Structure formats: C-alpha cells, structure tokens
Amino acid sequence: MDLTIIGAAVINGILMGGIYTLVASGLTLIYGVLHIINFAHGSLLMVAMFGVFYLVTKLGVDPYLSLIVTMPSMFVMGYVLYKYFIGKLSYGKDENILLITLGLSIVIENLALMFFSGNSQTISMSYSDKMFEVGPLLIGLPKVISFVAAMVMCALLGIFITRTDTGRAIRAVAKERMGARLVGIDVDKVFAISFGLGMATLGAAASLLMPIFYVSPTTGHVFVMVAFTVVVLGGMGSFLGAVVGGLIVGLTESFGGLYLGESLGQIGISLIFILILLFRPSGLFGDKR
Amino acid sequence: MIFNRSPWALHIVLLAAAIIFPFVSSSAFVINFGVLALFYAFIGQSWNIAGGFAGQLSFGHVAFFGVGAYASTIVQMRFGFNPWWGLPASALAGAAAGWFIAVLSFRAGLKGSYFALITLAFAEVFRIVANSVDITGGGLGMLIPMKQTSANFQFGDRRAFYFIILTLTVISVAIALWLKASRFGARLAAIRENEDSARALGINTFVEKIKIMVISGAIAGVGGCFFAQYFLYIDPTIVFGVDKSVEMLLVSMIGGAGTVYGPLIGAVLLALVSEVTRSMFSFQGLSLVLYGTLLVIIIAFLPNGLVELFKGREQKKAGRLASAAKKGDV
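Residues numbered from 1 in each chain as written. Chains lettered and ligands numbered in written order. Predicted model: local features only at pLDDT ≥ 70, side-chain atom pairs only at ≥ 80, totals over all residues.

Visitor: Would you explain the overall build of chain B in this entry?
Guide: Secondary structure assignment for chain B yields 15 helices and 2 strands. Across its three principal directions, the C-alpha atoms of chain B cover 55 × 50 × 40 Å. For chain B, the residues scored as buried account for 49% of the 330 residues in total. (Helix = DSSP H or I, 4+ residues; strand = E, 2+ residues; numbered from the N terminus. Buried ≥ 20, exposed ≤ 12 C-beta atoms within 10 Å, placed from the backbone.)

Take a look at the structure:
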C-alpha cells in the first residue's frame, strides 16, 4: 500500500487518539482512581459541547476561550451532582452507581433530544480549515491544538495527583478508604472533588472538541465506550496509560478503517476492550490488583 | 390480600384478564399496545432471570436478542426453511451466544460493573459484524416478504400475534416461578447475594452462572425471532442497538429485579408511558426521560421495584430487610 496513505493513517490515528485521551482523562480520575463507574460520562460531555456550541453561536465566544467558562461550570456541576445526587442515592454500591448514572444518561440524552432536536450541530471558525503541510500530508490545525492540549492536560492531572495535597488525599481514599478517614480526610468531599475535577476535564474536552466534531444528543454514545476502553487499556488510574491507551485506540481505529473497511473497521475498539478485560484486566500501566 | 395466601388465584385472574383483553376492543391500537407490553415483559423477563435472579447485571442483553432475530430470519430467508423453524433456531442461537459470552467473561472472573461493560462491548462487536458480512444483508438489513398465512408465521388478524407473545410470556413467567421455587434458583440467589460465600458452601458458581446465561440468552433469542416476524424487518442498529438492552434492563429494574412479576409491571408501564406520551406530545424523548427518572427513584428509594407496592404486610417486611441489605445497611 502507498506509503502516503499509511502515513496519513498514522497521523490521523495519533490525532484522534489525542482526542480520545482528552475525553478519557476525566474518566481516568473518576473510574480509574475512585472506581465510580460513570456511565453518564458521554452524555455529560454532550451537555458541555452544547454549552460550547451556544457560547460560540449565540455570544460569539471563541471555542478555545470558552474553556474559561466550561471548566469551572462543569466542575461545580460535577461536585453538586456527586455530592447531592449520585453519592447520596447509590449508597456507595458499585452496581447502584452504574444504574444511577445509566438513568442519568438516559434522562440527559432524551432531554437534549426534546430541547435541541436530533440534528447534528457544528461550528465553523476562520481557522477551522487551516492546514499544515508536512511533506505530502495535510494536517488540520484544530486537531493539532486538541492533541497538544490533551497531552498537557494529562501531564497536569498526573502532576496534580502525585504532587498536591488534594491529589494525595484522592490517592489515599482510592487505596484505603477507612484509613484515609482515620487520618482526618473528608472522604465524601474527596469523592465529590474528584468527580468535579473529572467533569472539569470533560468541559475542557468539550471546548477543544467542538471545532473539529459535531454535537447531537447521541454524541455521547460515540465516546462512552471509547473512554472506558482507553482507561482500561491504559491501566486503572494511570494518566500515562490514558495517553498511550488513547493513541493505541486512535491508531487501531484508523488502521481498522484502512484495512477492514469503514464498517468492519470499527470492531477494533470493542475487541480491544473485551481482550483487555479477559486477559489483562490491570491494563498496560496499571497496578496488579 | 387473598393473592398473598393463594398465588394460583392471582395467576388465574391475570391470565384470564390477558386472554379477554384483545376481545374488549378490536382496534389495531389496543391490540398493538397489548403485543408491545407483552413483548417488553418477555424480553424484560429474559434480563431479569440473569440480572435479577442471579445478579449478573448485563448492559448488552441485546446481543442475544439480535442473534436470535438474525438466526430466525437467516434460516427462513437464506436457507428456505418454514419461518416457524425460526423459533427453535433463535432459541438455540441465543443460548449459544449466552454460553459463549458467559464462558469467556466468567472464566476471566468478571463480575458486577465489569461484566456489565463487557456484555455491552460484545453486543457492539455483534452489531458491527452483522453490519459488515453478506449473509445478514449488512447495513441494509433484511426484509421478510409479506405473505399472510399462518403457515408463514404471518396473520391477517393481529390477535394471533398477541396470543403467540402471550404464550411465550406465560412460559417465561413459568421459568421465573420455577427459579423462585427450585434449588437451582436458590443457588443463583446465593450467588447474587454473596458469590464467595456461595462458593464456600460448595456451589459451583461458574457452572451455575453459565447455565442461567444460556437460559436467559435462549429467551432473549426467541424475543428476537418474534420481533422479526412481527415487524418483518431487521437491521443491525435496530436489533443490536443499546436502546433495546436498556429497555430490557429498565423494564425489569423498575418493575422489580429478581421478582416474578416485576418485568410484567415494568413492561405495562413502559408501553403505557410510551404510547401516551407519543399520542399527547409531538416531541420525542419524553417517555424515556420519565423512565430514566423512575429508574433513579427506584434504585434510590425502592430497590425491589414497583412490585413492592402490591405486596401484603408480611412480604413487605421481608422486602424491607432485602432492600436494607441492598443499600448496605445490614
């Protein structure tokens, strides 16, 4: 096969992988560290993307600038959502959290369908079509921005969780809940903060995604399985794992499409998820549990 | 209530009501409503048998449903069998899919949310395969030609479909009743409540869980066959879509997971809510908003489902203990 096509597939896969990393990084914190199975991750991303869409089209805010609004508002939403809703109603049980967040995603998606209709919405900015030329290949500028931002965000999250007091508290709660409580950590608050942080990264992801992707009430479906795959593949709670996992998933999708065709090519992501859970549930960089 | 002392009286009343129902009104709307409600009850019971009775929460139950729908349609359209052969074919295919997914997942020791997520992934793999190979007709799906004779599993009178799905639902309820009363069902309950203790008691949890997934898969498969023959059209997005998995789970969870009548109550409610909202409001989505909200309320405040509201005082006490256990208070 032509080298240019393979090169394009590699670059496309890597850039898509960056976007997947971006969406999954919040889940790494929520699911990977604290084992809160947030099935509404995709739907909440969709909500944030609609937020960005209206900021851009109604108020004329630049999508990248909208980060300043989306991140804090998603943090607050996540904090409140966990503190007064998910945490309270699930009684801390794994399966209940899964079902509550499933119920939440059903409600959010169908409310979106009622208010925004089922149509796909996109935004177009002056730089939307800007391209780099690298040899014979053309690379879209917004995709590169998203990719770089994803890497920066994972690095920041990694530093946050290893170097700050809040990060240490989160890890303590993840490892040994009772012990953390005994040394004076407010466990419920740590859970709510982590959930809020996960949502904040989702807000950032929404701002960075909007220039290159469409939003519709079912956009979440595209990402929810991918995000879980990236987290499980990379290893629970590992931000380096999220980056590597995202890249592998992006490349798998890109090459799957190239060699297996548009339809069968999508099988790669689900297969990776199944194989990892069956044969190496700790993922590539996770602790053996 | 008399029904608490004599469950058979309840069965007879319910069955008589179900038999009389299509003769109350011959309007297509009423018959269609009845078929829809029973269809939800049937596939909901399939989920309930695995998710409720054995505690194996599946998010991808549609995998078995879709496999059944395709098996019956392929047997009819590609191999020229009489469509009635679709029923055993779909049961076999659903059972095989249940066995396959169960053996792989349970051998790897997956449970709880991991099991839920891997079933979702399997359903997605099945959808993509059905979308890509020739024998299924790919993304275009398969259209079963209209030819209304009873030998052809098609009927001029829609009531025939009503009685077929009623029969299937009665069989599924009978299976649930058997699970409630049998030692097999007791072993499953032990696995649901605490798998490690169940194993310590000498139960081969691996084998029991596979058995129940095979039974549940077979039921869902037959549901797929009925769906194909009722609507005469299937495609990968319809019969392998996440929506149907969610409907099965919702019907069962809302009515009462792990109870015999839960899926029936949940199904009637789902059919009612979706028909009423569809005829009263022009926008889509409202029925699922209500249903999703109900799911959250049920999990938070009524873990044993709506069926709890119909119980007598004695049973309520047992139910409260069970729900306290589910909340983790005990």
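Visitor: So what exactly am I meant to see when it comes to the overall build of chain A here?
Guide: A tally of helices and strands in chain A yields 11 helices and 2 strands. Each helix (α) and strand (β) of chain A, taken in turn from the N terminus, gives the series α-α-α-α-β-β-α-α-α-α-α-α-α. Out of the 289 residues in chain A, the part that is buried amounts to 53%. Put simply, of all contacts in chain A between residues at least 6 apart along the chain, 78% involve residues at least 24 apart. (Contact = placed C-beta atoms within 7 Å.)

Visitor: Any chance you could explain the interface of chain A and chain B here in plain terms?
Guide: Size of an interface, as often reported, equals the accessible area lost when the parts are brought together. Each side of the interface is counted separately: chain A has 32 residues, and chain B has 37 residues. Of all the secondary-structure elements, those providing two or more residues to the side of chain A that touches chain B are α4 (94-116), α9 (219-234), α10 (239-264) and α11 (267-279) of chain A. Top element by residues in the side of chain A that touches chain B is α4(A). It accounts for 14 residues. Grouping the constituent residues of the side of chain A that touches chain B by class yields 21 nonpolar, 8 polar and 3 charged. (Nonpolar A, V, L, I, M, F, W, Y, C, P; charged D, E, K, R; others polar.)

Visitor: Can you help me understand unusual backbone geometry in this one?
Guide: With the exception of glycine, the majority of residues adopt a negative phi angle, and the majority of peptide bonds are in the trans configuration. Residue and element names in this part refer to chain B. Its identity as a non-glycine residue notwithstanding, F153 has a phi of 65°, on the positive side. Its place among the elements puts F153 in the loop between β1 (142-143) and α7 (159-181). Since 26 C-beta atoms lie within 10 Å of it, F153 is described here as buried. The phi angle at L232 is positive, at roughly 60°, despite the residue not being glycine.

Visitor: I would appreciate a short explanation of the nonpolar core in the present structure.
Guide: Here is a general trend for soluble globular proteins: nonpolar side chains tend to be buried in one another's company. Judged by nonpolar contacts, the single largest core of 195 residues is most densely connected at L45(A), M49(A), A227(A), V231(A), A63(B), I165(B) and L295(B). Of all the elements, helix α8 (residues 187-209) of chain A adds the most residues to this core, at 14 residues. Dropping the residues within four chain positions of it, L295(B) is found in contact with L99(A), G103(A), L250(B), M253(B) and I254(B). (Core = buried A, V, L, I, M, F, W, Y, C linked by C-beta atoms within 7 Å.)

Visitor: Could you clarify how one ought to interpret the confidence of the model for chain A in this entry?
Guide: Caution applies to low-pLDDT parts of the model: their predicted coordinates are not meant to be read in detail. Summary statistics for chain A give a mean pLDDT of 86 and a share of 98% for residues scoring 70 or more. Here strand β1 (residues 131-134) of chain A is the element of chain A with the lowest mean pLDDT, 75, and helix α2 (residues 41-59) of chain A is the one with the highest, 91. (pLDDT = per-residue confidence, 0-100.)

Visitor: Any chance you could explain the packing of helix α5 (residues 141-163) of chain A against α8(A) here in plain terms?
Guide: All names here are of chain A. For the pair α5 and α8, the least separation of the axes is 10 Å and the interaxial angle reads 170°. Comparing their axes, α8 and α5 come out roughly antiparallel. Taken as a pair, α5 and α8 cross one another with a handedness that is right-handed. Note on element contacts: α8 touches α5 through T201, A204, L208 and L209, opposite I145, S146, A149, M153 and L157. When the residues that make up the contact of α5 with α8 are grouped by side-chain class, the tally is 7 nonpolar, 2 polar and no charged. (Axes fitted to C-alpha atoms, helices over the stretch in contact; angles between N-to-C directions. Parallel < 35°, antiparallel > 145°, perpendicular 65-115°, else oblique. Left-handed = near helix turned anticlockwise from the far one by under 90°.)

Visitor: How should the pairing of strand β2 (residues 137-140) of chain A be read in this particular structure?
Guide: Relative to β2(A), β1(A) is paired through 4 bridges, and the arrangement is antiparallel. Bridge pairing in β2(A) links V134(A) to L137(A). (Pairing = 2+ DSSP bridges.)

Visitor: When you look at α11(A) in this model, what are you seeing that I'm missing?
Guide: Because an α-helix completes one turn every 3.6 residues, residues spaced three or four positions apart along the sequence face the same direction. When the terminal C-alpha atoms of α11(A) are compared, their 18 Å separation across 13 residues agrees well with the 18 Å that a helix rising 1.5 Å per residue should span. Taken together, the buried positions of α11(A) are I267(A), G268(A), I269(A), S270(A), I272(A), F273(A), I274(A), I276(A) and L277(A). Against the buried residues of α11(A) lie α9 and α10 of chain A together with α6 (112-132) of chain B. (Expected span 1.5 Å × (residues − 1).)

Visitor: Looking at this structure, how should I read the environment of Y54(A)?
Guide: Among the structural elements, Y54(A) can be located in helix α2. For Y54(A) and S73(A), which are 19 residues apart along the polypeptide, the C-alpha to C-alpha distance reads 14 Å.

Visitor: Is there a simple way to explain α7(B) in this structure?
Guide: End to end, α7(B) covers 33 Å across 23 residues, agreeing with the expected 33 Å (1.5 Å per residue, within 8%). Looking at the buried side of α7(B), the elements it contacts are α2 (7-24), α3 (28-53), α8 (183-193) and α10 (205-231) of chain B.

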